[in-house]
Amino acid sequence: MEIVFASRHDSEPLQWVNTLQAALPEHNVHLWDGEAPSGQAQVAVVWAPPVELFAREPQLTHVFNLGAGVDALLRLPDLPADITLVRMEDGGMAVQMAEYVLHYLIRESRDLGCYASLQSQACWQPQADIDRAAWPVGVMGGGVMGRRVAQACAALDYPVSVWSRSGQPVAGAQAFGQEQLSDFLANTRVLVNVLPLTAATQGILSRTLFQHLQADAYLINIARGGHLVDADLLEALENGRLRGAALDAFVQEPLPKEHPFWAHPRIQVTPHVAGASLMAMTVNQIAGKVHAMTRGEPISGVVNRARGY
């Protein structure tokens with residue numbers, strides 16, 4: 001089988017190719033550079049692939065995306081309808097996202113940000129003891145990432161709720177289905193967004209949603225920038241509806257230097273690093289699915305284009 005690796009943004013393409021080849025020695029893995037495409041590739045492993053890929057590799061049947069979100073792929077105008085898209089189901093991302101969320105959850109609930117400010121004033125001033133019941137966490141998204149985040153928060157005895165399309169139960173958390181968003185928000189002070197970006201979730205983090213959260217709420221967005229209405233967040237911070245936000249994803253990346261998020265005292269900005277696809281784990285997952293494909297077995301992680309994930 002001919003397999004191509006194609007990415008416009010990865011800084012280590014040859015390392016990906018070599019690692020994939022070592023995991024799939026019975027197949028031919030090579031870097032797609034656009035100069036001399038084989039035209040015979042059946043599988044592509046991609047992250048932000050060149051738009052020419054699909055026109056110049058007409059034999060493609062499967063595309064493995066190196067991230068969990070496939071919204072950018074689905075927006076490509078030349079993406080053939082008959083290609084099977086496969087998303088990463090973890091690849092080391094879930095535990096990283098859980099770490100990220102715990103960092104900001106603990107920072108807020110334990111007043112660690114306050115202590116950093118007090119240190120700058122050489123001020124010894126213990127804050128009130130933590131009351132975890134006052135910091136209920138709501139996770140939007142019940143997939144692999146959302147479940148890992150929810151379970152990590154629950155393991156530290158924070159009350160946790162999960163809102164998802166299916167409303168399936170999550171160990172240690174209260175589950176809410178698609179029609180129960182208002183109840184979920186009323187049960188949430190720390191809102192964590194891990195949703196896929198679809199037509200239904202575009203702009204979901206908005207003024208209307210913020211108004212239904214508990215008072216003095218905090219937002220953690222580790223999904224996509226398109227989920228957030230930037231102006232509504234700034235308004236919610238200004239009027240006290242939200243106490244702060246940790247943002248890892250943005251509509252335009254890199255975030256422009258003039259964007260108001262950079263200088264806002266109650267917004268923490270990170271450059272889309274909450275959950276990276278770790279090479280060894282990612283390649284192992286892809287190799288397992290390629291092996292299953294060659295045996296004619298079904299594989300998990302296949303994207304439902306109608307749903308958008």
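Residues numbered from 1 in each chain as written. Predicted model: local features only at pLDDT ≥ 70, side-chain atom pairs only at ≥ 80, totals over all residues. Heavy atoms only, no water.

**Student:** Break down the nonpolar core for me, citing the residues and quoting the values.
**Tutor:** Counting residues in each nonpolar core, the largest one holds 51 residues, and the members touching the most others are Phe-64, Val-137, Val-139, Val-192, Ile-220 and Ile-222. If you tally residues by element for this core, the top one is helix 4 (residues 93-109), at nine residues. Leave out the neighbours within four places in its chain, and Ile-222 touches Met-97, Tyr-100, Val-101, Val-192, Asn-193, Val-194, Asp-248 and Ala-274. Core analysis: the second largest hydrophobic core is formed by 25 residues, Met-140, Ile-204, Leu-209 and Leu-228 among them. (Core = buried A, V, L, I, M, F, W, Y, C linked by side-chain atoms within 4.5 Å. Buried < 20%, exposed > 50% of the residue type's maximum accessible area, 1.4 Å probe, protein only. Helix = DSSP H or I, 4+ residues; strand = E, 2+ residues; numbered from the N terminus. Contact = heavy atoms within 4.5 Å.)

**Student:** Describe the packing of aromatic side chains, listing the residues and the values that go with them.
**Tutor:** Within this structure, the stated rule accounts for five aromatic pairs. Ring geometry for Phe-5 against Trp-16: centres 5.9 Å apart, planes inclined by 10°, an arrangement best described as stacked. Of the two residues, Phe-5 sits in strand 1 (residues 2-7) while Trp-16 sits in helix 1 (residues 13-23), which places them 11 residues apart along the sequence. Each member of the pair, Phe-5 as well as Trp-16, carries the same accessibility label: buried. Through a chain of ring-to-ring contacts, the aromatic side chains of Trp-163, Phe-176 and Phe-184 assemble into a single cluster. The aromatic ring of Trp-135 is capped on one face by Arg-189, whose charged end is 3.6 Å from the ring centroid. One residue, Arg-307, lies across the ring of Tyr-309, its end atom 5.0 Å from the ring centre. (Phe/Tyr/Trp six-rings, centres within 6.5 Å; stacked < 30°, edge-to-face > 60°. Lys NZ or Arg CZ within 6 Å of the ring centre and 35° of its normal.)

**Student:** Run through the side chain of Thr-201, naming residues and quoting values.
**Tutor:** Tracing the chain through its elements places Thr-201 in the loop between strand 9 (190-193) and helix 8 (207-210). A polar atom in the side chain of Thr-201 sits 2.8 Å from the backbone oxygen of Pro-196. Side-chain polar atoms of Thr-201 contact the side chain of His-227, separated by 3.3 Å. (Polar contact = N/O pair within 3.5 Å; in protein donor to acceptor, adjacent residues only side chain to side chain.)

**Student:** Outline the side chain of His-62, listing residues and values.
**Tutor:** Checked against the element boundaries, His-62 lands in strand 4 (residues 62-65). For His-62, the side chain forms a polar contact with the side chain of Thr-61, separated by 2.9 Å. Excluding residues that lie within four positions of it along the chain, His-62 makes contacts with Gln-42, Val-43, Ala-44, Ile-83, Thr-84, Met-293 and Ile-299.

**Student:** Could you give me a rundown of the pattern of salt bridges, with the residues and numbers involved?
**Tutor:** According to the stated counting rule, one finds 10 salt bridges in the structure shown. Note that Lys-289 and Glu-89 form a salt bridge whose closest N and O atoms lie 2.6 Å from each other. Taken together, the residues span a long stretch of sequence, with Lys-289 in helix 10 (residues 279-294) and Glu-89 in the loop between strand 5 (84-86) and helix 4 at a distance of 200 residues. Given the relative accessible area of 23%, Glu-89 is considered partly exposed. (Salt bridge = Lys/Arg side-chain N within 4 Å of Asp/Glu carboxyl O.)

**Student:** Hey, could you go over the sheet that holds strand 12 (residues 267-269) for me, with residue numbers and the actual values?
**Tutor:** With parallel pairing, seven strands are arranged side by side in an open sheet as 8-7-6-9-10-11-12. The open sheet has two free edges, formed respectively by strand 8 (174-176) and strand 12, since each of these has just one partner strand. Across the sheet, the axes of successive neighbouring strands diverge by a mean angle of 15°, strand direction being ignored. As defined by bridge partners, strand 6 (residues 137-140) adjoins strand 9 across four bridges and the pair is classed as parallel. Bridge pairing in strand 9 places Met-140 opposite Asn-193. Strands in contact with helix 9 (residues 230-238) are strand 10 (217-221), strand 11 (242-247) and strand 12; relative to strand 11, the strand with the most contacts, it is inclined by about 145°. (Pairing = 2+ DSSP bridges. Axes fitted to C-alpha atoms, helices over the stretch in contact; angles between N-to-C directions.)

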